[in-house]
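Chains, contacts and geometry: an overview
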Amino acid sequence: AQKVTQAQTEISVVEKEDVTLDCVYETRDTTYYLFWYKQPPSGELVFLIRRNSFDEQNEISGRYSWNFQKSTSSFNFTITASQVVDSAVYFCALSETRWGYGGSQGNLIFGKGTKLSVKP
Amino acid sequence: ETGVTQTPRHLVMGMTNKKSLKCEQHLGHNAMYWYKQSAKKPLELMFVYNFKEQTENNSVPSRFSPECPNSSHLFLHLHTLQPEDSALYLCASSLGVTGTVNTGELFFGEGSRLTVL
């Protein structure tokens, strides 16, 4: 069965600290996608990144970076020099590739989320 | 502005009421989703519509009834709900294009916060 585990329920840091959010996943699929979403207090989930299972290159986008390690089934997310605006709940998600009528469906399996609080 | 609009943002209803949640997407997508977000639980997929056809019902009780009249609109009809149904209901959309891998990149609305008394 597919599963996403975010062991850290809440993290609190002081502004400008670096913080890493952990994500461990389980899947039997050889083709899958991993995602991070951010949920600010307003409620909507904001897409941050997508990674496919064949691409283990780490990625950096500004203050955000992601470390994908297939050997340990982990897809960790690091925020460098955190800011108060980074305070949110962050979700890691796993998508399998399924084919059906009208095309494929990527159903997302979400972790429980990590609530990040960045204090000034 | 994510391109997915949900109304109402907040809803309080009694267990005998009938109400509906509405979702509209302006992204030209063909797949739409309902997710439920309860406190302390992972987001739970409820329903998926692809090209207006329901392709997934994740064992959702019949007191939740979805409707997708076209690819841009999705409704969730609610009747005789229970207090444990109180949650944030999130609508999302994605490409769902024929013959193309849907990588599952979902665009979410801000959610409808439902309280059942």
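Note: the structure precedes this text.
How each quantity is defined
Residues numbered from 1 in each chain as written. Chains lettered and ligands numbered in written order. Predicted model: local features only at pLDDT ≥ 70, side-chain atom pairs only at ≥ 80, totals over all residues. Heavy atoms only, no water. Helix = DSSP H or I, 4+ residues; strand = E, 2+ residues; numbered from the N terminus. Buried < 20%, exposed > 50% of the residue type's maximum accessible area, 1.4 Å probe, protein only. Contact = heavy atoms within 4.5 Å. Areas by Shrake-Rupley, 256 points an atom, 1.4 Å probe, with all protein chains shown as cover. Lys, Arg positive; Asp, Glu negative; His and termini not counted. Charge placed at Lys NZ, Arg CZ, Asp CG, Glu CD. Disulfide = S-S within 2.5 Å. Core = buried A, V, L, I, M, F, W, Y, C linked by side-chain atoms within 4.5 Å.

Let us now look at the overall build of chain B. A tally of regular secondary structure across chain B gives zero helices and eleven strands. Along the three orthogonal principal directions, the C-alpha set of chain B runs to about 45 × 30 × 30 Å. Among the 117 residues that make up chain B, the fraction classed as buried is 49%. Counting contacts in chain B only where the partners sit at least 6 residues apart, residues at least 24 apart contribute 55% of the total. Of the roughly 5,300 Å² of accessible surface on chain B, 51% is carried by carbon and sulfur atoms. Taking the 10 positively charged and 10 negatively charged side chains of chain B as two groups, their mean positions are separated by 8 Å.

The next subject is the state of the cysteines. Evaluation of the coordinates by the stated rule reveals two disulfides over all chains. In this model Cys 23 of chain A forms its disulfide with Cys 92 of chain A; the gap between the sulfur atoms is 1.9 Å. Handedness of the Cys 23 of chain A-Cys 92 of chain A disulfide follows from its S-S torsion of about -65°: it is left-handed. In this pair, Cys 23 of chain A sits in the loop between strand 3 (19-21) and strand 4 (24-26) while Cys 92 of chain A sits in strand 10 (residues 88-96), placing the two residues 69 residues apart along the sequence. Given a relative accessible area of 0%, Cys 23 of chain A falls into the buried group. For Cys 92 of chain A, a relative accessible area of 0% gives the class buried. Covalently, Cys 23 of chain B is tied to Cys 91 of chain B through a disulfide, its sulfur atoms 1.9 Å apart.

Attention now moves to the nonpolar core. Trp 36, Phe 77, Tyr 90 and Leu 116 of chain A are the most contacted members of the largest nonpolar core, which has 23 residues in total. Secondary-structure elements contributing two or more residues to this core are strand 2 (10-14), strand 3, strand 5 (32-39), strand 8 (64-69), strand 9 (74-79), strand 10 and strand 14 (114-119) of chain A. The biggest single contributor to this core is strand 10 of chain A, with four residues. The next biggest cluster of nonpolar side chains, apart from the first, holds 22 residues, and it includes Phe 47, Leu 81, Ala 87 and Cys 91 of chain B.

Coordinates in, geometry out; function isn't part of it.
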